[in-house]
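Below, each chain spelled out in residue letters.
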Amino acid sequence: MGCATSVYAAVGTKKKLTVPEVVVFVPSTRIPAQSDLQKRLRGRIPKDVADRLSSLRNQIVFVAEDTDGSAIPELRRGLEEYLSLLIGLTNKDYGLEGLVEFKWKNLDDGKHQDASSSCVANSWFEVLSVVHMMAMLALLEADTVMIPKDRSGSSIRTVSSDCKREAVDLLLKATGYLEFCVREVLVHIPPEIKKSFPNDLQDGVLEAISFQTLGQGTEIQLGLAVDCQKATLSVKRRLACEQLSYFSQAYHCLSCRDHINNGYAKKHMWFIKWKFLESKAAAYYFHGLMVDKGNEPSCHVKAVCCFLAAEEILSESKKACLTFCLAAPVTRVLQALPDLPEFQLSLRPDDYQLPEIDPAWESEKWETQSQSLKEHLNDSDDDGDETETK
């Protein structure tokens, strides 16, 4: 998945089960595969430039495969250095744009890497793949930042505000990479070549991930606003509505694509559907709180309608979340309920005391009649005789 993981074992089994824990969903992580750059570039560009290109790319391949993409800082530095040299191959004046075949594969497919590999003789494809990988690494790092490091088993796992802000910055960086791919890179690639691209690099999917990333960044900002006492209700409602708008656009971009029922595309679709429903419930909830502040009698009725809608949609989102988690590959999500604010209770029960004893019990004329046991027995016999006579 390209997601940070927390590991727990299935007791009584021989093999430990590792289930990735997801906060920021990374649809896929593509890494470069071995390609013979030097052979194709020999005699066409200076030897030192060809050697650097080949060396930098091979280094990225080695680090990515050796660490499963977890060495994010090292990979980022290598990609940035390689990209600055790579863009020279896209210059039409040199005539090198379609000279080299660049191979890439999905890191997450394990033994099926060969089936998912792609090989395209286009320098802009290589630029697209490099920038896409930089975006996925940013998402992966944001996911890692948002997963609490406490593994003590405590039921309370919190993420600091600083980590949340860092995650937002990383998400914005990832979105910048993705938008650059759509606006500045894809336009240079002929349509017939783009048809051969893997699903991850199609423009609709790239746009969906971009909107999804903005939606998750807004979701984190909304969480920060909820935790901040100074944040007004109108700010929270605006963030909730913005979050809904982003996930709605992501859902639209992905639903228009073909082959969304296969592999990661299916899981990605369920993730966006879950987040779309969850953000819609939040938007109705905060809108209801705002409407309920109105003075007109109808305001309260509208607020109640919003709350009922939020509750119903939230129930649907939980089902979508479960479907997302169970879709292959199985994942689990971090959903720690926030601490609720404490308020001084405003309602108090009315005091109650027993009534005063009836004055009849205090009457001086009231006397207890005493009766001996013999008299009591005789009275009982007389009562029995009267009953038989009747």
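For the structure, see preceding data.
All figures in this text were calculated on a predicted structure; none of them were measured in a lab.

Caption draft 1: View of the state of the cysteines. Tallied over the full model, the rule gives zero disulfides. A disulfide-free cysteine, C305 has its sulfur positioned 7.1 Å from the sulfur of C306, the nearest such atom.

Caption draft 2: Summary view of a positive patch on the surface. The grouping of K39, R40, R42 and R44 at the surface amounts to a positive patch. Inspection of the secondary structure assignment puts R44 in the loop between α1 (37-41) and α2 (47-67).

Caption draft 3: A look at the side chain of H268. Secondary-structure assignment places H268 in helix α10 (residues 263-291). Ignoring anything within four residues of it in the chain, the contact list for H268 reads F25, P27, I209, Q212 and L254.

Caption draft 4: Region of interest: unusual backbone geometry. For the bond from A328 to P329, the omega torsion is -5°, close enough to zero to count as cis. Along the polypeptide, P329 turns up in the loop between α11 (297-326) and β5 (332-333).

Caption draft 5: Structural detail: the nonpolar core. Membership of the largest hydrophobic core comes to 86 residues, with the highest contact counts inside it found for L41, L53, Y82, L86, F102, L128 and M133. When near neighbours in sequence (up to four residues on either side) are disregarded, Y82 contacts L37, L53, L56, R57, I60, F102, E126 and V130.

Caption draft 6: Layout of the environment of T158. Tracing the backbone through its elements, the reader meets T158 in the loop between α5 (123-146) and α6 (161-185). Each C-alpha atom of the pair T158 and P148 lies 6.2 Å from the other, and the pair is 10 residues apart in sequence.

Caption draft 7: Examining the sheet that holds strand β3 (residues 102-106) more closely. An order of β2-β3-β4 is seen for the three strands of this open sheet, with the pairing classed as antiparallel. Only two strands of the sheet have a single neighbouring strand rather than two, namely β2 (30-32) and β4 (118-120). Sheet twist, expressed as the average angle between the axes of neighbouring strands with direction ignored, equals 30°. Sheet topology places β2 next to β3; three bridges connect them, and they run antiparallel. Pairing of P32 across the sheet is with W104, part of β3. The strands that α2 touches are β2 and β3; relative to β2, the one it contacts most, it runs at about 135°.

What counts and what doesn't
- Residues numbered from 1 in each chain as written.
- Predicted model: local features only at pLDDT ≥ 70, side-chain atom pairs only at ≥ 80, totals over all residues.
- Heavy atoms only, no water.
- Disulfide = S-S within 2.5 Å.
- Patch = residues over 30% accessible without salt bridge, like charges linked within 9 Å, V, L, I, M, F, W, Y side chains within 5 Å.
- Areas by Shrake-Rupley, 256 points an atom, 1.4 Å probe, with all protein chains shown as cover.
- Salt bridge = Lys/Arg side-chain N within 4 Å of Asp/Glu carboxyl O.
- Lys, Arg positive; Asp, Glu negative; His and termini not counted.
- Charge placed at Lys NZ, Arg CZ, Asp CG, Glu CD.
- Helix = DSSP H or I, 4+ residues; strand = E, 2+ residues; numbered from the N terminus.
- Contact = heavy atoms within 4.5 Å.
- Core = buried A, V, L, I, M, F, W, Y, C linked by side-chain atoms within 4.5 Å.
- Buried < 20%, exposed > 50% of the residue type's maximum accessible area, 1.4 Å probe, protein only.
- Pairing = 2+ DSSP bridges.
- Axes fitted to C-alpha atoms, helices over the stretch in contact; angles between N-to-C directions.

In short, the description is geometric, and any link to function would need to be established separately.
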